[in-house]
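Working through the structure, step by step
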Amino acid sequence: MERDPWVAQRFGACLWPRARSWRPRIESHIGMKRGGRDSDHNSSEEGTEKSKKLRTTNEHSQTCDWGNLLQDIILQVFKYLPLLDRAHASQVCRNWNQVFHMPDLWRCFEFELNQPATSYLKATHPELIKQIIKRHSNHLQYVSFKVDSSKESAEAACDILSQLVNCSLKTLGLISTARPSFMDLPKSHFISALTVVFVNSKSLSSLKIDDTPVDDPSLKVLVANNSDTLKLLKMSSCPHVSPAGILCVADQCHGLRELALNYHLLSDELLLALSSEKHVRLEHLRIDVVSENPGQTHFHTIQKSSWDAFIRHSPKVNLVMYFFLYEEEFDPFFRYEIPATHLYFGRSVSKDVLGRVGMTCPRLVELVVCANGLRPLDEELIRIAERCKNLSAIGLGECEVSCSAFVEFVKMCGGRLSQLSIMEEVLIPDQKYSLEQIHWEVSKHLGRVWFPDMMPTW
């Protein structure tokens, strides 16, 4: 039986036994004793009947030989097995080993690259990586890399990418599970590996390259080879990309449906390019508004006319905005109506800003506020309930709301609030409602049982 060298090295020779038909021994019940005259006639008939049954069982076992199952059947079973179990099963017989290497099992693969000294997560075995590059690189279509915070893991990912010269990927994801280690690499080394995929794929439809040193020239290579197929591009926190670089993508990739980027790449020109007649309707636009150093980042203003043109072209788009700003940096935002549908505030946000949200975001569907301070948000919540008619989910963290205002907010929104996540510490009892009473009152207006979230006590 042929054995793959990487399997033998990784898992050892003591794997599953070779599949074979078994032939049970049948001892005759006739003539058990030398003296045939002492044999009972009934015992002879019983022995003959048992022999027939055993022969029938033996013939049936031969027709159900697991080693001779159709490969299509084995393939469907293998698709449900983890890689380690598939590797064990591939050693059963030559037929199963052939199925193990069928292209259908290698179209989707996730490389997990972790260093034992910096991560407790499992890692893809080096021998398996060599085997994939040698035998299955041209079968890969949906590939992702999960790397830990070490520079060595990011370098290993680039080494693999640079060897995928015979592949034609449809999706590629570079995922940092901790600190973005791709940013520690020399930019030229990363770009060289990434462009190998861009040039050879020709049909890339989904690309996730957040927190990487990708730059404008590499995006031009992407567009030149994959403009007709690219539908999803996620590239938040890519400091080497300019607004002109992302504009080139929007101008050429008319099938783009999902886009994620930082606010500094958003421009009036980009929104107008995404609104052109030759461009398909965008379905999802995510904008990350991030400031690391208070007062040192300048945030420009997007014209209302650009937002209006964008919404006329893509009326059903989800505009998701994540804000990680300091309170004094919100001045350019929410000064006029914007089509945001999902707002997430990761740092403390003032009452004034939340009041402007209620006045300028009529399409709002989801609102999450991490923190606000010690001033109750009663008027702001009521205003949001009045003007944001599509609001269906809200989450409040370190905020304060009186019980009466919260009940009124829920009453105005009604059963459309499918997600209502409020910490118990947020609610302030007043003369009308206590914490015990608010549970019943809110449940009545929601049409289902509701309790505030509790802070764990461990």
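Only a predicted model underlies this, so the values are computations on that prediction, with no experimental measurement involved.

Scanning all chains against the criterion turns up 13 salt bridges. Across the pair Lys 351 and Glu 380 runs a salt bridge, and its minimum N-O distance is 3.0 Å. A residue pair is termed long-range when its members are at least 10 positions apart, and Lys 351 in helix H13 (residues 351-360) and Glu 380 in helix H14 (residues 378-387) qualify at 29 residues. A single salt-bridge network, built from bridges that share partners, covers Lys 351, Glu 379 and Glu 380.

Spatially, 12 strands are ordered E1-E2-E3-E4-E5-E6-E7-E8-E9-E10-E11-E13 in an open sheet, and the strand pairing comes out parallel. Two strands lie at the open edges of the sheet, namely strand E1 (108-113) and strand E13 (419-422), each paired on one side alone. For this sheet, the mean inter-axis angle between neighbouring strands, taken without regard to orientation, is 10 degrees. Alignment of strand E2 (residues 142-147) against strand E3 (residues 171-176), held across 6 bridges, turns out to be parallel. Each residue of the ladder has a partner; that of Val 143, found in E3, is Leu 172.

Moving on: the pairing of strand E11 (residues 393-398). In this sheet, E11 lies alongside strand E10 (residues 366-371) in parallel orientation, the contact comprising 5 bridges. Along E11, the bridge assignment pairs Ala 371 with Glu 398. In this sheet, E13 lies alongside E11 in parallel orientation, the contact comprising 4 bridges. Bridge pairing links Ala 393 to Gln 419 in E13.

This part covers the packing of helix H15 (residues 403-413) against helix H16 (residues 435-446). Where H15 meets H16, the axes come as close as 9 Å, and the angle between the chain directions of the two elements is 10 degrees. In terms of their interaxial angle, H15 and H16 are classed as roughly parallel. Residues Cys 403, Phe 406, Val 407, Val 410 and Lys 411 of H15 form the contact with H16, whose participating residues are Leu 435, Ile 438, Glu 441, Val 442, His 445 and Leu 446.

For the rest of this paragraph, the subject is the nonpolar core. Core analysis: the largest hydrophobic core is formed by 126 residues, its most contacted members being Leu 172, Phe 334, Leu 343 and Phe 345. By residue number, the principal contributor to this core is H15, which donates 7 residues. Setting aside chain neighbours within four positions, we find Phe 345 in contact with Phe 323, Phe 330, Phe 334, Val 353, Leu 354, Val 357, Leu 367, Val 368, Val 369 and Cys 370.

We now examine the packing of aromatic side chains. For the structure shown, the criterion picks out 18 aromatic pairs. Considering the side-chain rings of Phe 323 and Phe 334, the 5.4 Å spacing of their centres and the 45 degrees angle between planes classify their relative orientation as tilted. Remark: Phe 334 occurs in the loop between strand E8 (318-324) and strand E9 (342-348) and Phe 323 occurs in strand E8; sequence separation between them is 11 residues. Ring pairing ties together the aromatic residues Tyr 263, Phe 299, Phe 323, Phe 330, Phe 333, Phe 334 and Phe 345, which thus form one cluster. Taking NZ or CZ as reference, Arg 286 lies 4.0 Å from the ring centre of Tyr 322, over its face.

Attention now moves to the pairing of E8. It is a general feature of regular strands that their side chains alternate between the two faces of the sheet. Pairing of strand E7 (residues 284-290) with E8, which is carried by 7 bridges, proceeds in the parallel orientation. Paired with Arg 286 across the strands is Val 320, a residue of E8. In this fold, E7 hands off to helix H12 (residues 304-313), which returns the chain to E8; that crossover is right-handed. Bridge count for E8 against E9 is 4 bridges, and the pairing is parallel. Pairing of Met 321 across the sheet is with Leu 343, part of E9.

This part covers the environment of Cys 388. Relative to the assigned elements, Cys 388 resides in the loop between H14 and E11. C-alpha of Cys 388 to C-alpha of Pro 362: the two residues are 26 residues apart in sequence and 4.7 Å apart in space. Those residues in contact with Cys 388 that lie beyond four places of it in its chain are Gly 358, Cys 361, Pro 362, Leu 364 and Arg 416.

Turning our attention to the packing of helix H9 (residues 216-226) against helix H10 (residues 243-252). At their nearest, the axes of H9 and H10 sit 9 Å apart, and the two run at 10 degrees to each other. Our classification of the angle between H9 and H10 gives roughly parallel. Contacts between H9 and H10 involve Asp 216, Leu 219, Lys 220 and Val 223 from the former and Gly 245, Ile 246, Cys 248, Val 249 and Gln 252 from the latter. For the contact of H9 with H10, the class distribution of residues is 5 nonpolar, 2 polar and 2 charged.

Cut-offs and rules
- Residues numbered from 1 in each chain as written.
- Predicted model: local features only at pLDDT ≥ 70, side-chain atom pairs only at ≥ 80, totals over all residues.
- Heavy atoms only, no water.
- Salt bridge = Lys/Arg side-chain N within 4 Å of Asp/Glu carboxyl O.
- Helix = DSSP H or I, 4+ residues; strand = E, 2+ residues; numbered from the N terminus.
- Pairing = 2+ DSSP bridges.
- Axes fitted to C-alpha atoms, helices over the stretch in contact; angles between N-to-C directions.
- Parallel < 35°, antiparallel > 145°, perpendicular 65-115°, else oblique.
- Contact = heavy atoms within 4.5 Å.
- Core = buried A, V, L, I, M, F, W, Y, C linked by side-chain atoms within 4.5 Å.
- Buried < 20%, exposed > 50% of the residue type's maximum accessible area, 1.4 Å probe, protein only.
- Phe/Tyr/Trp six-rings, centres within 6.5 Å; stacked < 30°, edge-to-face > 60°.
- Lys NZ or Arg CZ within 6 Å of the ring centre and 35° of its normal.
- Right-handed = clockwise from strand over helix to strand, strands pointing away.
- Nonpolar A, V, L, I, M, F, W, Y, C, P; charged D, E, K, R; others polar.

No statement about biological role is implied by the geometric values presented.
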